[in-house]
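Now for the letters of each chain:
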Amino acid sequence: MSFGGFLENKSGGGGARIVADIPYSNGINHNNNSINNDTMPSGAISHPRLATPTLVKSMFNSPGLSLALQTNIDGQGDVNENFETNGLRRNREEEHESRSGSDNMDGASGDDFDAADNPPRKKRYHRHTPQQIQELETLFKECPHPDEKQRLELSKRLCLETRQVKFWFQNRRTQMKTQLERHENSLLRQENDKLRAENMSMREAMRNPICSNCGGPAIIGEISLEEQHIRIENARLKDELDRVCALAGKFLGRPISCLTSSIGPPLPNSSLELVERSMFLELALAAMEELVKMAQTGDPLWIRSLEGGREILNHEEYTRIMVPPCIGLRPNGFVSEASRETGMVIINSLALVETLMDSNRWSDMFPCMIARTSTTEVISSGINGTRNGALQLMHAELQVLSPLVPVREVNFLRFCKQHAEGVWAVVDVSIDTIRETSGAPTFLNCRRLPSGCVVQDMPNGYSKVTWVEHAEYDESQVHQLYRPLLRSGMGFGAQRWVATLQRQCECLAILMSSAAPSREHSAITSGGRRSMLKLAQRMTNNFCAGVCASTVHKWNKLNAGNFGEDVRVMTRKSVDDPGEPPGIVLSAATSVWLPVSPHRLFNFLRDERLRSEWDILSNGGPMQEMTHIAKGQDHANCVSLLRAGQAMNANQSSMLILQETCTDASGSLVVYAPVDIPAMHVVMNGGDSAYVALLPSGFAVVPDGSGGCGEGHGGASQQRMSGSLLTVAFQILVNSLPTAKLTVESVETVNNLISCTVQKIKAALQCGS
């Protein structure tokens, strides 16, 4: 947001220092074209020619091969491509002159070598410059065999003799052919090893031959070697097929015949190898079994916490009954969090299952929890046109709205199964254990044990959802202030998933209803409602991206002084984005603990009558709500348009505040951004909201999860009452030119703004300093 003249007043207490811990990457790739002189054989004189010119051309078109073939450019000791007619002596002398195109003689001429009775004089050598080598390489890629005219032109341009250019190209072709020969030899060795292994297998089979007619012992001469080899391969494939069919029977919930051609392969949609596919299938079945058991089992597996009555996992009982562990033992240094929540949601089971199995719809259903998600592999899309048996690999980045909590990045399997009519289960489980064996990269800061939900249809159109969330993570990466929240399961736990799901489904039900709630202002049309809600959704998503940096929203790291250690400041350049003003955008966010309840803190921040106590955009007076669009039964879940009661200048009089507030059992959110009146007129009439530029700011409020005693700010253990964790974040346009440099004054302005806002909130709520 842009604050005009308000930011010139650097009032506010409490200086702070910026510490930006987002890694910076300049994205530069370095291509190393240096050459190893040891790759050329020392005694090579001539080499077999390539089979066809097409083969040479194809090698240059292959980046991998062409890079591998660029060897020995700066080396010495290479030989020419073939013999000259003048004999071996002339060939060696020309080789001595060319020196592989990198070391060349000054002042050498052809006459020095044409006289057979005069030995060549010892010459001085010089190395080609990088510019000369680059020019030679460029022409070589286009024309490996230049004619006399091309060599002459190149020699003049590079200040080289034509003979030097000629020998450089000869040696370069020799290098290429030598490398190709080595590559072919390597392939032949691999093929030879394979044939040797097959030969040993066939010899083993010949010791106990089986008759194809009676199945009894047979004489060796009655069965050909080819048939024996085929029988061995068929036996191996049959064992593998029987194993996969047994897994598929459990996977689909019914026995299947491996010989039934109408069924086809059990997992026809996957491009994975059969072995890896079988491992994923086994893991999915084990995870589903564990999820259902954890969802249905009560005490002593689940116990009620004293604070809030939440269900918490009894880890001793879990270790006893869940043997062996689904994805192995917990890594050293990791801690566990596990929770279970049951709630009624206004959505049927089929619709919820479709939402969870679609990565885009899943992200839209949980917007503030999921920073990014994608489906990387569909192993099975289900059977008979349903999601029963659907299995897919997914990637997700999960977040808590605070710069002090790192984003959780996980690769996992998602498996859906119908257990009965109207009863479905969807389970997630990390694949780190499987992928580690294949050498693929894994995300070591978190892994998901079997987690997900069991959904049962209710007669009234609702669904009963039992959600289980179980994870292990590296707690050392989490700030001390948020460790109690995460350990209680309230940060990434089941309560937050169910509460968000209930709120979003209630919002969808209201938006799909033809009649608007009675408390809404009637001045806005149905098209205007949709356009305004779409703009508010973009505003909230941008706010979350400014609080939690992810792989999607990459921010440049900013180092500056005079900021608190828990303030994160990042900057980015906005260019040609219709939804954002062009220039340098600075984002600052911090989280603090306040000794007030989350409900009281949220009501204070969303009350437009009290906005002047913390918001400089209010011009020192209350704000008026012009438009109100309900997003739930709770009046606090809404999108509204606010106007200041009085304006200080003409720019302020043409400015409105777009605000979205939402709350549920897991936490609350207040997001706002200044917008122009003409732009909002277009949106409220149903126009496209994508071209409305805005920079959001706001607050995220969650309970501290301490239950009375916790660790203080900075890690010191201290006794304190239960309170709230407040995240404050601003996005500000500090310069309208994308090429401008960030100034110290801009950083200090943001420092004053964020510090002053926190102090004003504390003073208004009488929280002390």
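**Remarks on the overall build of the protein**
Phase 1: A count of helical and extended segments in the protein gives 20 helices and 23 strands.
Phase 2: Just so you have it, the protein exposes about 37600 Å², and 51% of that area is on carbon and sulfur atoms.

**Brief notes about the pattern of salt bridges**
Phase 1: Following the criterion strictly, the structure yields 21 salt bridges and no others.
Phase 2: Between Glu 148 and Arg 151 there is a salt bridge, with its nearest N and O atoms 3.5 Å apart. Remark: Arg 151 and Glu 148 occur in helix α6 (residues 148–158); sequence separation between them is 3 residues, near one turn of the helix.
Phase 3: By relative accessible area, which is 19% here, Arg 151 ends up buried.
Phase 4: The salt bridge partner of Asp 664 is Arg 503, with a shortest N-O separation of 2.9 Å. One end of the pair, Asp 664, is in strand β18 (residues 655–664); the other, Arg 503, is in helix α15 (residues 494–512), and 161 residues separate them in sequence.
Phase 5: Each of Arg 414, Asp 428, Arg 448 and Glu 469 takes part in a single network of salt bridges with overlapping partners.

**Quick look at the nonpolar core**
Phase 1: Among the nonpolar cores identified, the biggest contains 46 residues, and Trp 362, Phe 366, Trp 467, Tyr 482 and Leu 501 are the most heavily contacted of them.
Phase 2: It is α15 that provides the largest number of residues to this core, a total of 5 residues.
Phase 3: Ranked by size, the runner-up nonpolar core spans 34 residues in total, among them Phe 602, Phe 604, Leu 605 and Leu 765.

**A look at the packing of helix α16 (residues 526–547) against helix α19 (residues 677–684)**
Phase 1: As a packed pair, α16 and α19 sit with axes 7 Å apart at the nearest point and diverge in direction by 125 degrees. Comparing the axis directions of α16 and α19 gives the class oblique. Contacts between α16 and α19 pair Gly 528, Ser 531, Met 532 and Leu 535 from the former with Met 680, Val 683 and Met 684 from the latter.
Phase 2: Among the residues forming the contact of α16 with α19, the class breakdown is 5 nonpolar, 2 polar and no charged.

**Let's talk about the packing of helix α5 (residues 130–142) against α6**
Phase 1: Relative to each other, α5 and α6 sit at 160 degrees, their axes nearing to 10 Å. Relative to α6, the element α5 lies roughly antiparallel. You can see that α5 and α6 cross each other, and the crossing is right-handed. Each of Gln 132, Glu 135, Leu 136 and Leu 139 in α5 lies in contact with α6, whose residues at this interface are Leu 154, Arg 157 and Leu 158.

**Some points on the packing of aromatic side chains**
Phase 1: One pass over the structure, following the stated rule, counts 10 aromatic pairs.
Phase 2: Here the aromatic rings of Phe 140 and Phe 169 are separated by 6.0 Å at their centres, their planes lie at 40 degrees, and the arrangement is tilted. Here the residue Phe 140 occupies a position in helix α5, and Phe 169 occupies one in helix α7 (residues 162–206), the gap between them amounting to 29 residues.
Phase 3: The class for Phe 140 is buried, based on a relative accessible area of 1%.
Phase 4: Classification of Phe 169 by relative accessible area gives buried; the value is 2%.
Phase 5: Judged by centre distance (6.2 Å) and plane angle (5 degrees), the ring pair of Trp 362 and Trp 497 falls under stacked.

**A short note on the environment of Phe 366**
Phase 1: Assignment of secondary structure puts Phe 366 in the loop between α12 (359–365) and β6 (370–380).
Phase 2: Sequence-wise, Phe 366 and Gln 504 are 138 residues apart; in three dimensions their C-alpha atoms are separated by 7.7 Å.
Phase 3: Setting aside residues no more than four positions away along its own chain, Phe 366 makes contact with Leu 356, Trp 467, Trp 497, Thr 500 and Leu 501.

**As for unusual backbone geometry**
Phase 1: Backbone torsion omega between Asp 299 and Pro 300 reads 10 degrees, so that peptide bond is classified as cis.
Phase 2: Here Pro 300 shows up in the loop between α9 (274–296) and β3 (302–304).
Phase 3: One non-glycine residue, Cys 159, lies in the positive phi region at around 60 degrees.
Phase 4: Along the chain, Cys 159 turns up in the loop between α6 and α7.

**Regarding the pairing of strand β11 (residues 451–457)**
Phase 1: Along β11, 5 of the 7 residues are buried, which leaves the element largely enclosed by surrounding structure.
Phase 2: When strand β9 (residues 423–430) meets β11, the two strands line up antiparallel, connected through 6 bridges. Residue pairing in the sheet places Trp 424 in a bridge with Val 455 of β11.
Phase 3: Between the antiparallel neighbours β11 and strand β12 (residues 463–474) lie 5 residues, among them Gly 461 with a positive phi of about 90 degrees.

**A closer look at a nonpolar patch on the surface**
Phase 1: A contiguous nonpolar patch, built from Met 344, Ile 346 and Tyr 462 and spanning about 240 Å² of accessible area, is present on the exposed surface.
Phase 2: With relative accessibility at 31%, the residue Tyr 462 sits in the partly exposed group.

**Structural notes on the side chain of Glu 290**
Phase 1: Here Glu 290 lies in helix α9.
Phase 2: When sequence neighbours within four positions are dropped, the list of residues in contact with Glu 290 reads Tyr 318, Met 322, Cys 326 and Pro 450.

**Thoughts on the confidence of the model for the protein**
Phase 1: Residues at a pLDDT of 70 or more form 67% of the protein, whose mean pLDDT is 75.
Phase 2: Contacts for the low-pLDDT stretch residues 259–269, under 50 throughout, to residues beyond four places or in other chains number 13 contacts.
Phase 3: Long-range and interchain partners of residues 708–720, a stretch whose pLDDT sits below 50, account for 29 contacts in this model, where long-range means more than four residues apart.

**Let's talk about the environment of Ser 612**
Phase 1: Relative to the elements of secondary structure, Ser 612 occurs in the loop between α17 (598–606) and β16 (623–630).
Phase 2: Once residues lying within four places of it in the same chain are set aside, the contact partners of Ser 612 are Ser 618, Gly 620 and Gly 621.

**With respect to the environment of Ile 379**
Phase 1: Along the chain, Ile 379 falls in strand β6.
Phase 2: Here the alpha-carbon distance between Ile 379 and Phe 415, two residues 36 residues apart in the chain, equals 9.8 Å.

**Some words on α5**
Phase 1: Across its 13 residues, α5 extends 19 Å between first and last C-alpha, which sits within 8% of the 18 Å expected from 1.5 Å per residue.
Phase 2: Every buried residue of α5 is accounted for by Gln 132, Ile 133, Leu 136, Glu 137, Leu 139 and Phe 140. On an axial view of α5, the arc spanned by its buried residues comes to 170 degrees, and they lie on one face. In this structure, α5 carries Pro 130, Gln 131, Gln 134, Lys 141 and Glu 142 as exposed residues pointing more than 90 degrees from its buried face.

What counts, and at which threshold
Residues numbered from 1 in each chain as written. Predicted model: local features only at pLDDT ≥ 70, side-chain atom pairs only at ≥ 80, totals over all residues. Heavy atoms only, no water. Helix = DSSP H or I, 4+ residues; strand = E, 2+ residues; numbered from the N terminus. Areas by Shrake-Rupley, 256 points an atom, 1.4 Å probe, with all protein chains shown as cover. Salt bridge = Lys/Arg side-chain N within 4 Å of Asp/Glu carboxyl O. Buried < 20%, exposed > 50% of the residue type's maximum accessible area, 1.4 Å probe, protein only. Core = buried A, V, L, I, M, F, W, Y, C linked by side-chain atoms within 4.5 Å. Axes fitted to C-alpha atoms, helices over the stretch in contact; angles between N-to-C directions. Parallel < 35°, antiparallel > 145°, perpendicular 65-115°, else oblique. Contact = heavy atoms within 4.5 Å. Nonpolar A, V, L, I, M, F, W, Y, C, P; charged D, E, K, R; others polar. Left-handed = near helix turned anticlockwise from the far one by under 90°. Phe/Tyr/Trp six-rings, centres within 6.5 Å; stacked < 30°, edge-to-face > 60°. Pairing = 2+ DSSP bridges. Patch = residues over 30% accessible without salt bridge, like charges linked within 9 Å, V, L, I, M, F, W, Y side chains within 5 Å. pLDDT = per-residue confidence, 0-100. Expected span 1.5 Å × (residues − 1). Arc of directions from axis to C-beta.

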